[in-house]
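Spelled out from the first residue to the last, the chains are:
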2 protein chains.
Amino acid sequence: MIGRLNHVGIAVPSIDAAKATYRDLYGVPESAMTETRELPAQGVRFAFVNVANSQIELIEPLGAESPIRKFLERNPNGGQHHVCFEVEEIYAARDAMLAKGAAVLNEPRIGAHGTPVIFIHPKNSNGVLIELMETPKAARA
Amino acid sequence: MIGRLNHVGIAVPSIDAAKATYRDLYGVPESAMTETRELPAQGVRFAFVNVANSQIELIEPLGAESPIRKFLERNPNGGQHHVCFEVEEIYAARDAMLAKGAAVLNEPRIGAHGTPVIFIHPKNSNGVLIELMETPKAARA
């Protein structure tokens with residue numbers, strides 16, 4: 001049911017500093033990183049670092065109510081925040097998760113890639129917050 | 001310099017239970033999971049869950065001195081432990097990391113995939129423990 005590992009989400013105090021890490025320490029060119037954008041409704045700024053087969057999503061809190069703030073209080077330097085897998089159809093995935101008793105944290109909403117996403121509570125997946133992201137078939141081939 | 005995102009490492013109290021999560025909740029067939037094996041020198045049991053483009057590495061403590069035990073004390077249900085990127089040549093990668101002032105946590109040693117690996121301290125990468133894994137060129141194509 002899950003497809004590709006679309007990205008690993010990493011919460012950071014500063015996207016600019018994190019981009020510099022991937023550029024200066026790990027040799028990822030700026031051209032492989034997206035511009036930093038904002039999702040105010042979700043309280044985040046974000047950017048993607050592209051590697052050959054997947055992406056790192058850098059996430060920074062936006063606004064006082066950002067859910068990322070609490071994470072950074074516990075992990076002041078940043079840390080791995082979630083893992084995102086692609087699914088074919090988000091409502092089918094949501095229904096399948098609910099039917100299996102998983103805690104789906106939100107109604108499908110538009111995520112950082114412009115397609116609908118849901119999050120599954122870490123208690124259902126060995127302490128890992130899982131994002132499921134609807135992905136057009138062409139992008140999954 | 002870094003290549004593919006080879007895997008995301010997830011520390012879990014029980015690999016068997018975690019395999020069941022990926023099978024029963026996320027629909028990954030048993031045939032896409034490796035047998036659970038041991039690396040006694042590193043104090044871990046491990047197995048890989050294959051997805052279309054990458055892998056999840058499940059890691060369980062092995063022995064009283066396992067470095068995974070402390071992680072699980074802080075995260076009793078498990079959690080994201082490291083991100084592994086492929087590199088062409090481990091000694092070149094090690095030397096480049098040291099030249100840039102990063103804290104390389106070990107001499108290159110044989111990892112779960114049978115090729116040499118090093119780990120970079122989380123303080124150098126926004127709180128994320130990074131594994132660099134030498135990968136034969138054919139496997140990176």
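It should be emphasised that the depicted structure is a prediction, and the values quoted were computed from it without experimental measurement. One numbering rule holds for all chains: residues counted from 1, following each sequence as written. To read the labels, note that chains go from A and ligands from 1, taken in the order they are written. In keeping with the model being predicted, local features are shown solely for residues with a pLDDT of at least 70 and side-chain atom pairs are shown and tallied solely at 80 or more, while totals for entire chains, interfaces and linings include all residues. Side-chain metrics in this entry use all non-hydrogen atoms of the structure; hydrogen atoms and water are not considered.

**What about the overall build of chain A?**
Let me state the cut-off plainly: Counting from the N terminus, the helices are DSSP H or I runs at least four residues long and the strands are E runs at least two residues long. Based on C-alpha atoms, the radius of gyration is set beside the globule rule, defined as 2.2 Å times the residue count to the power 0.38. Burial status follows relative accessibility: with a 1.4 Å probe on protein chains alone, a residue under 20% of its type maximum counts as buried, one over 50% as exposed, and anything between as partly exposed.
Assigned secondary structure in chain A consists of four helices and eight strands. Counting from the amino terminus, helix and strand elements in chain A follow one another as β-α-β-β-β-α-β-α-β-β-β-α. Against the 2.2 N^0.38 benchmark of 14 Å for 141 residues, chain A shows a C-alpha radius of gyration of 15 Å, consistent with a compact globule. Looking at chain A as a whole, 56% of its 141 residues are labelled buried.

**Let's talk about the pairing of strand β5 (residues 79-87) of chain A**
Consecutive side chains along a regular strand alternate between the two faces of the sheet. Residue and element names in this part refer to chain A. So the rule is basically this: Paired strands, in this sense, are two strands between which DSSP finds at least two bridges.
In terms of burial, β5 is a largely internal element, nine of the nine residues being buried. For strand β1 (residues 5-11) and β5, the ladder comprises six bridges, and the chain directions are antiparallel. When the bridges of β5 are listed, G9 appears paired with H82.

**Overview of the sheet that holds β5(A)**
Residues and elements named next belong to chain A. As summarised here, the arrangement of the eight strands in space is β2-β3-β4-β1-β5-β8-β7-β6, forming an open sheet in which the pairing is mixed. Sheet topology places β2 (37-39) and β6 (109-110) at the edges, where each strand pairs with a single neighbour. As paired strands, β2 and strand β3 (residues 44-50) are joined by three bridges and run antiparallel to one another. Each bridged residue has a counterpart across the sheet, and for R37 the counterpart in β3 is F46.

**Side note on the environment of F48(A)**
Residues and elements named next belong to chain A. The line we're drawing: Working rule for contacts: check all heavy atoms of both residues, and any pair within 4.5 Å makes them a contact.
Along the chain, F48 turns up in strand β3. In this structure, the C-alpha to C-alpha distance between F48 and A32, residues 16 residues apart in sequence, is 8.3 Å. Apart from the residues within four sequence positions on either side, F48 is in contact with H7, A32, M33, T34, Q55, I56, E57, A112 and H113.

**Describing the interface of chain B and chain A**
Where we set the bar: When two components associate, each loses some accessible surface as probed by a 1.4 Å sphere; the sum of these losses over both components is called the buried area. A side-chain nitrogen of Lys or Arg and a carboxyl oxygen of Asp or Glu constitute a salt bridge if their distance falls within 4 Å. For the purposes of these results, a polar contact is taken to be a pair of N or O atoms within 3.5 Å, where, inside protein, one atom must be able to donate a hydrogen and its partner to accept one; residues adjacent in sequence count only when each atom of the pair is a side-chain atom. Note on residue classes: Ala, Val, Leu, Ile, Met, Phe, Trp, Tyr, Cys and Pro are nonpolar, Asp, Glu, Lys and Arg are charged, and everything else, Gly too, is polar.
Taken together, the contact pairs 43 residues of chain B with 43 residues of chain A. Taken together, the two surfaces of chain B and chain A that pack against each other cover about 3300 Å², and 61% of this comes from carbon and sulfur. In terms of surface lost to chain A, no three residues of chain B exceed Y26(B), Q80(B) and N126(B), which account for 25% of the buried area on that side. Inspection of the region where chain B meets chain A yields zero salt bridges. Where chain B packs against chain A, one counts 17 residue pairs in polar contact (both at pLDDT 80 or more). For the side of chain B that touches chain A, the secondary structure elements donating two or more residues are β1 (5-11), α1 (15-25), β4 (55-61), β5 (79-87) and β8 (130-134) of chain B. For the side of chain B that touches chain A, the per-class residue count stands at 24 nonpolar, 16 polar and three charged.

**Looking at the relation of the copies chain B and chain A**
Under the convention used in this document: Here the copies were fitted onto each other by least squares, based on C-alpha atoms from residues at pLDDT of at least 70 in both.
You can overlay chain B on chain A at an RMSD of 0.0 Å; the transform is a turn of 180° with a shift of 0.0 Å along its axis. Read as a symmetry element, the transformation amounts to a two-fold axis. Most of the interface of chain B is mirrored in chain A: 100% of its interface residues are interface residues there too.

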